[in-house]
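What the coordinates show
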Amino acid sequence: MKQEDGNGLSNGLQQKEKGGGGFVSIEKKISSNFARTILVCCIVLGVITSVLSYISSVNAVS
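Throughout what follows, the structure given in this document is the object of discussion. Everything numeric in this text was worked out from a predicted model, so none of it was measured.

In terms of helices and strands, the protein chain carries two helices and zero strands. Taking all 62 residues of the protein chain together, the buried fraction comes to 3%. Working note: accessible area of the protein chain is about 5700 Å², and carbon and sulfur atoms make up 63% of it.

Right, let's talk about the state of the cysteines for a bit. Taken as a whole, this structure holds zero disulfides when the rule is applied. Considering cysteine sulfurs only, Cys 42 is the nearest to Cys 41, which forms no disulfide, with 7.0 Å between them. Using a relative accessible area of 41% as the deciding quantity, one classes Cys 41 as partly exposed.

Bringing a nonpolar patch on the surface into the picture now. Taken together, the side chains of Leu 39, Val 40, Ile 43, Val 44, Leu 45, Val 47, Ile 48, Val 51, Leu 52, Tyr 54, Ile 55 and Val 58 present a nonpolar region at the surface, about 1100 Å² in accessible area. Mapped onto the elements, Val 40 comes out in helix 2 (residues 26-61). For Val 40, a relative accessible area of 47% gives the class partly exposed.

Cut-offs applied
Residues numbered from 1 in each chain as written. Predicted model: local features only at pLDDT ≥ 70, side-chain atom pairs only at ≥ 80, totals over all residues. Heavy atoms only, no water. Helix = DSSP H or I, 4+ residues; strand = E, 2+ residues; numbered from the N terminus. Buried < 20%, exposed > 50% of the residue type's maximum accessible area, 1.4 Å probe, protein only. Areas by Shrake-Rupley, 256 points an atom, 1.4 Å probe, with all protein chains shown as cover. Disulfide = S-S within 2.5 Å. Patch = residues over 30% accessible without salt bridge, like charges linked within 9 Å, V, L, I, M, F, W, Y side chains within 5 Å. Salt bridge = Lys/Arg side-chain N within 4 Å of Asp/Glu carboxyl O.

Structure follows, in structure tokens:
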């Protein structure tokens, strides 16, 4: 038996809206995956740039 509040929402729906049921919107999933992808790309490009800069500096000195 589901109980409803004054707004007509059942208790299960209220828990999902408050984050209790593990409900995550598609927009949040896409945003977090996009941010994670951008972060990984920036780290990889930073490492590659550092290695190439180091190699170039060593070659210039010698």
